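# Descriptive structure summary
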Amino acid sequence: MSDLTDIKKAREHWYKAYFQGDTDVLQRIEAADFYVSSPKGKEERITRYETIKQAIDDNKWFKNDITVEENALEFLLNDRKAKVSGHGRTLANGTPLHEIDFEENWVKSKQGWQVQALHLNKVV
């Protein structure tokens, strides 16, 4: 398979694991130094997993009716590194919840493609 095909599959598994709250899968796809940068600030991966688990325990995590739409998606691949950027929105039962511009930094390791950083900007 090509790197582009592989990274698309890795992203698909990553998104699915996130919305299902599957932190075990997230830990395999997210690099050890992974972080999320958003208007709320910077969140390291361990804090992120704790936040997800707490939201699940409090029954405040995403429900099964979530869908994600992306457009203006761009993949830039170069020498075992990739940058993925675009515009997306999250919907629940067809109703928009969040609309964001995003940029992801990926690296190809022995384990396959892993995401190192996610930068989010909320669209107003």
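Residues numbered from 1 in each chain as written. Predicted model: local features only at pLDDT ≥ 70, side-chain atom pairs only at ≥ 80, totals over all residues. Heavy atoms only, no water.

### Section: the pairing of strand 6 (residues 112-122)
In this structure, strand 1 (residues 30-38) lies alongside strand 6, joined through 4 bridges in parallel fashion. Of the residues in strand 6, the one forming a bridge with S37 is H119. The pairing of strand 5 (residues 95-109) with strand 6 spans 10 bridges and is classified as antiparallel. Paired with D101 across the two strands is N121, which belongs to strand 6. Between strand 5 and strand 6, which pair antiparallel and follow one another directly, the connecting turn spans 2 residues. (Pairing = 2+ DSSP bridges. Helix = DSSP H or I, 4+ residues; strand = E, 2+ residues; numbered from the N terminus.)

### Considering the pattern of salt bridges
Opposite charge on two side chains lets them pair, provided their charged atoms get close. Under the criterion given, the structure shown has 7 salt bridges. With a closest N to O distance of 2.7 Å, E104 and R11 form a salt bridge. Highlighted residues: E104 in strand 5 and R11 in helix 1 (residues 3-20), separated in sequence by 93 residues. As a salt-bridge pair, E30 and R48 come within 2.8 Å of each other at their nearest N and O atoms. In this pair, E30 is assigned in strand 1 and R48 in helix 3 (residues 45-57), connecting sequence segments 18 residues apart. You can call R48 buried: its relative accessible area is 7%. Sharing partners across several salt bridges, the network here consists of R11, E70 and E104. (Salt bridge = Lys/Arg side-chain N within 4 Å of Asp/Glu carboxyl O. Buried < 20%, exposed > 50% of the residue type's maximum accessible area, 1.4 Å probe, protein only.)

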